[in-house]
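Observations on the three-dimensional arrangement
Listed below are the residues making up each chain.
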Amino acid sequence: MTNTNAGNTSYQPVAVPVLEAPIGQHLLVESRANILETFSPQGNGQGYDHSTFLGLSYLQADYIATPHITVVGGYFLTPFGTYNERLSPIWISSLDAPLIFGIGTMGSGSGTGGMLRGNAYSTDKVSISYAAYFSAGSTNKEFQSSRSTGGQVYAYFPQARLEVGASYGRSLEGTQLSNAYGAHLWWEPAKIPLKLRSEYAHGAHSQGYWIETDYRLSQFNGGDSLIGRVEPVFRLQQTFRNSPDPSDFLPAADTQRVDFGLNYHLPHEVRINAQYARQFSSTGDFNIWETGVVYRFLFPAWKGKSK
């Protein structure tokens, strides 16, 4: 991947290994790690700095207790909004993390503790799902998390292919306890390859929203045609600063940003990404350019038993 921010270009090769290990009929161990190298300019023509990062996104055990309850324990992704759990893998996301990502995800985006989640109610007209968690504070290098609690609930309407949901998070660290609230709406029409995703989040010191849409041109001669592999993406986002707080990682001033992306899907799970963004703020306006090539592959970790 490459990133050009306000004229400074960084280069970043990334590997994201994922493990899914079922143990019997009711237990699943899963994990995702991030391994990356970053080459960033020092400035004044002094060459590039080099850094290496190795970290875990999650390492958890899922026990399927009943058809409606899964008990999760370990180091898990914080269930707030939709980006953290659904869109953050580089082989899924078309654009980088939205500006409001820090609201509700408690800094690291992961928690150390336990969670209950599952489907509470389901018919052919609506499906209601939930997640509730508690996280302990941890300063361990590989399992960084803050003491917090929260969860989310969302309803999916299969006939309309529409999902609406709400999220809540409460930080329990320090003497100043704070709450975060969020809401999301996703819509994927049945007859056209269009996706519409949106989120709103409100924290103790800031708030904001993002709206994103992408449309793969597979209706033109099929998804494997030259033009059918093209997928334009657009996102509009804004953040509003209520009071200073560097811990939520949002811009220090009210900010508007528009993102334009273009994905090209090659055979064998290879995708070429290109992104341009323009950010507007009282602290300065600048352009952001990003490019990347993503290759996703799967293989069995060990042979399964034949029946």
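Above this text sits the structure in question.
All of the points below concern the structure found in this document. None of the values given here were measured: they were computed from a predicted structure. (Residues numbered from 1 in each chain as written. Predicted model: local features only at pLDDT ≥ 70, side-chain atom pairs only at ≥ 80, totals over all residues. Heavy atoms only, no water.)

1. Brief notes about the overall build of the protein
A count of helical and extended segments in the protein gives 1 helix and 18 strands. Computed over the C-alpha atoms, the radius of gyration of the protein is 20 Å, within 12% of the 19 Å expected from 2.2 N^0.38 for a compact globule of 307 residues. Structurally, the protein occupies a C-alpha span of about 60 × 60 × 40 Å along its principal axes. For the protein, long-range pairs separated by at least 24 residues make up 48% of all intrachain contacts whose partners lie at least 6 apart in sequence. For the protein, the computed accessible surface area is about 16900 Å², with 61% contributed by carbon and sulfur atoms. The centroid of the 22 positive side-chain charges in the protein is displaced by 7 Å from the centroid of its 24 negative side-chain charges. (Helix = DSSP H or I, 4+ residues; strand = E, 2+ residues; numbered from the N terminus. Rg over C-alpha atoms; globule rule 2.2 N^0.38 Å. Contact = heavy atoms within 4.5 Å. Areas by Shrake-Rupley, 256 points an atom, 1.4 Å probe, with all protein chains shown as cover. Lys, Arg positive; Asp, Glu negative; His and termini not counted. Charge placed at Lys NZ, Arg CZ, Asp CG, Glu CD.)

2. Description of the pattern of salt bridges
Pairs can form between side chains of opposite charge once their charged atoms are near each other. Counted according to the given criterion, the structure contains 11 salt bridges. Measuring nitrogen to oxygen at the nearest pair gives 3.9 Å for the salt bridge that ties R229 to D224. Salt bridges here are not isolated pairs; linked through shared partners, they connect D96, R197, E212, D214, R235, R257 and D259. (Salt bridge = Lys/Arg side-chain N within 4 Å of Asp/Glu carboxyl O.)

3. Thoughts on the packing of aromatic side chains
Evaluation of the coordinates by the stated rule reveals 9 aromatic pairs. With a centroid separation of 6.0 Å and an interplanar angle of 55°, the aromatic rings of Y11 and Y48 are classed as tilted. Pair noted here: Y11 is in strand β2 (residues 8-11) and Y48 is in strand β6 (residues 48-66), with a separation of 37 residues, a long-range link. The class of Y48 is partly exposed, set by a relative accessible area of 44%. Every member of this aromatic cluster is reached through a ring pair, and the members are Y295, F297 and F299. If you follow R86 out to its NZ or CZ, it ends over the ring of Y154, 5.1 Å from the centre. Sitting over the face of the ring of W210, R235 holds its NZ or CZ atom 5.5 Å from the ring centroid. (Phe/Tyr/Trp six-rings, centres within 6.5 Å; stacked < 30°, edge-to-face > 60°. Buried < 20%, exposed > 50% of the residue type's maximum accessible area, 1.4 Å probe, protein only. Lys NZ or Arg CZ within 6 Å of the ring centre and 35° of its normal.)

4. Points about the pairing of β6
In the sheet, strand β5 (residues 27-41) pairs with β6 via 15 bridges, with the strands oriented antiparallel. By the bridge assignment for β6, E37 is matched with T52. Connecting β5 to the antiparallel partner β6 that follows it, the hairpin turn spans 6 residues, and G43 within it adopts a positive phi of roughly 95°. The sheet contact formed by β6 and strand β7 (residues 69-77) spans 7 bridges and is antiparallel. Its bridge partner lying in β7, Q60 is registered against G74. The turn linking β6 back onto β7 is made up of 2 residues. (Pairing = 2+ DSSP bridges.)

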